[in-house]
Amino acid sequence: MSPRPPAMPRLGALLLALMACGAGMASTADQPLRPIAAWAYPQASSPDPSAPDTKPASHRPDEIVRVSDSPRSYRYGELFGPHSGAADWFPHDHPPLPAIVAHGTVPGAESCGGCHVPDGTGVPATAALAGLPRDYMLEQIAAFRHGERGRSEPASAQMMVKEAGAIGDRDVAQALDYFSRRPFKSNVRVVESATVPATHWQVYVLQPDADGHREPIGQRIIEIPVRPDDYDKEDTHSGFTAYVPPGSIERGAVLATVGSGTLLPCESCHGDRLQGRGTAPPLAGRSPTYIARQLLLFASGQRDSPNAAAMQHEAKQLTLQDAVSAAAYAAALGGNRH
Ligand code: HEC
Ligand code: HEC
């Protein structure tokens, strides 16, 4: 566990939930998509004890902190802890928050905004909720409650299992009304690159090493905060850079629009430009780390609610390169490709 106070999904609630659940890894090591877990299953801290320092500076709990472009300030210690509520650096970004989005309501129910960000744009460790269909989200909450989504992995999903079990139906209704009506705006810029900053897990996000070292990307997606120090303070504006392998966006475009062999094109279910259709949710512009993680969870059977059958069938046919490419293409449809 991290020696620092945990930051949002970064945090407090996360750590507590993890300690309560003691979640472990399932033994599914033979699947082709399994290597995704190393960069897409969020960890509280690096499993490597000799990992170099990562970039964010440390702060005292009583230190007044700010982030770029926000008129607000908080004490650093106010940002974290199980009942700290959601840091709301940009209150003009969204209408008034329902109680459950802003702060916890009943014991065990933490603020949705603390992990999914008040405007619903999410972070790679959680999910973007803005603009998801209400019925789809309701199904997912039922799946978390029934042990049909993230049964034992990733460990980070156990936070959502705990949350879904704690919240009442009224809170769910208010939260879903709010998030389903928020316009979705992508917070990730997708960059093809043969090399990437070396990174280590720090409070559920990959942070670049302070020494600036670079390494080959391989068949990975490395999604890091644009401003590591601001992310550490739960900033929601600066967003993420996702490095993807050279050529993966074009390759993903073919998988999404034409398919390959018996693999159906993603767009045949997820709609034109992956904007979502029927029970298949929108994917365009969403975190490629999140998308790749879900592909592994479908393939390993960790997502097996009633509507998941089509996706399990699809994901089991994907090679690692397919999964990385499809996630890169979907994220790049957010319009932030460079
Ligand atoms: C302590 C952190 C935490 C809190 C609080 C939390 N979530 Fe989540 N939520 C997560 C994580 C982590 C995931 C992603 C799980 C995964 O990786 O599969 C998630 C996923 C979801 C999903 C699935 C999204 C998708 O695209 O399928 C929905 C819906 C959701 N959360 C709704 C909510 C709502 C509504 C609230 C407030 C009532 C809430 N969450 C509060 C951590 C949290
Ligand atoms: C035959 C229809 C079908 C095809 C083809 C398909 N999907 Fe899906 N997909 C679905 C459905 C339905 C869901 C919702 C599953 C659920 O409710 O659990 C889904 C869910 C997903 C999710 C989870 C989204 C979230 O918010 O958690 C991802 C990621 C995804 N699909 C990616 C893809 C990719 C990438 C492809 C192409 C390689 C693809 N899908 C092809 C039907 C399809």
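It should be noted that the structure appears before, not after, this text.
Description of the structure in this document. (Residues numbered from 1 in each chain as written. Chains lettered and ligands numbered in written order. Predicted model: local features only at pLDDT ≥ 70, side-chain atom pairs only at ≥ 80, totals over all residues. Heavy atoms only, no water.)

### As for the site of ligand 2
- Around ligand 2 sit 25 residues in total, of which Cys-266, Cys-269, His-270, Tyr-290 and Met-311 are the nearest.
- One nitrogen or oxygen atom from the side chain of His-270 is found 2.8 Å from a nitrogen atom belonging to ligand 2.
- One of the side-chain nitrogen or oxygen atoms of Arg-303 is found 2.8 Å away from an oxygen atom of ligand 2.
- Mapped by element, the contributors of at least two residues to the shell around ligand 2 are helix H5 (134-145), helix H10 (267-270), helix H11 (288-299) and helix H12 (309-316).
- Here the shell around ligand 2 gets five residues from one element, more than from any other, and that element is H11. (Near = heavy atom within 4 Å. Polar contact = N/O pair within 3.5 Å; in protein donor to acceptor, adjacent residues only side chain to side chain. Helix = DSSP H or I, 4+ residues; strand = E, 2+ residues; numbered from the N terminus.)

### Focus: the coordination of the iron atom of ligand 2
- Every protein donor of the iron atom of ligand 2 is listed here as His-270 (NE2) and Met-311 (SD), and their distances to the metal cover 2.0 to 2.2 Å.
- Classification of the site at the iron atom of ligand 2 as octahedral follows from its six donor atoms and the range of 85 to 180° in their angles at the metal. Placement of the pair is His-270 in helix H10 and Met-311 in helix H12, with a sequence separation of 41 residues.
- By relative accessible area, His-270 is classed as buried at 10%. (Donors = N, O, S within 2.8 Å, 3.2 Å for Na, K, Ca; no water. Tetrahedral: all angles 85-135°; square planar, octahedral: opposite > 155°, others 65-115°. Buried < 20%, exposed > 50% of the residue type's maximum accessible area, 1.4 Å probe, protein only.)

### Description of the pairing of strand E8 (residues 222-225)
- Side chains Ile-222 and Ile-224 project from E8 onto one buried face, and the interleaved Glu-223 and Pro-225 project onto a second face that is buried too.
- In the sheet, E8 pairs with strand E9 (residues 240-244) via four bridges, with the strands oriented antiparallel. Looking across to E9, one finds that Glu-223 is bridged to Ala-242. (Pairing = 2+ DSSP bridges.)

### Section: the nonpolar core
- By size, the foremost hydrophobic cluster in this structure holds 58 residues, and its most contacted members are Leu-33, Ile-36 and Trp-39.
- If one sorts the elements of this core by residue count, helix H13 (residues 320-332) sits on top with 10 residues.
- Looking at which domains feed residues into this core, each of domain 1 (12-35 + 56-181) and domain 2 (188-332) gives three or more.
- Non-local contacts of Leu-33, meaning those with residues more than four positions away in its chain, are made with Leu-295, Leu-296, Ala-299, Ala-315, Leu-318, Thr-319, Leu-320 and Ala-323.
- Ranked by size, the runner-up nonpolar core spans 19 residues in total, among them Ala-109, Cys-112, Leu-129 and Tyr-290. (Core = buried A, V, L, I, M, F, W, Y, C linked by side-chain atoms within 4.5 Å. Domains from an automatic or database assignment. Contact = heavy atoms within 4.5 Å.)

### Some words on the packing of aromatic side chains
- Per the counting criterion, the structure on display carries three aromatic pairs.
- Between the aromatic rings of Tyr-74 and Trp-89, the centroid separation amounts to 4.8 Å while the plane-to-plane angle is 80°, which identifies the pairing as edge-to-face. Of this pair, Tyr-74 sits in strand E2 (residues 74-75) while Trp-89 sits in the loop between E2 and helix H3 (99-102), and the two are 15 residues apart along the sequence. Pair check on accessibility: Tyr-74 and Trp-89 agree, each one buried.
- Geometrically, the ring pair formed by Tyr-231 and Phe-240 is edge-to-face, given 5.7 Å between the ring centres and 75° between the ring planes.
- Looking at Tyr-231, the relative accessible area reads 4%, which means it is buried. (Phe/Tyr/Trp six-rings, centres within 6.5 Å; stacked < 30°, edge-to-face > 60°.)

### Notes on the environment of Val-161
- Its place among the elements puts Val-161 in helix H6 (residues 157-166).
- Residue classification places Val-161 among the partly exposed positions, given a relative accessible area of 24%.
- Along the chain, Val-161 and Ala-143 lie 18 residues apart, while their C-alpha atoms are 8.8 Å from each other.
- Filtering out sequence-adjacent residues up to four positions away, Val-161 remains in contact with Phe-144, Arg-149 and Gly-150.

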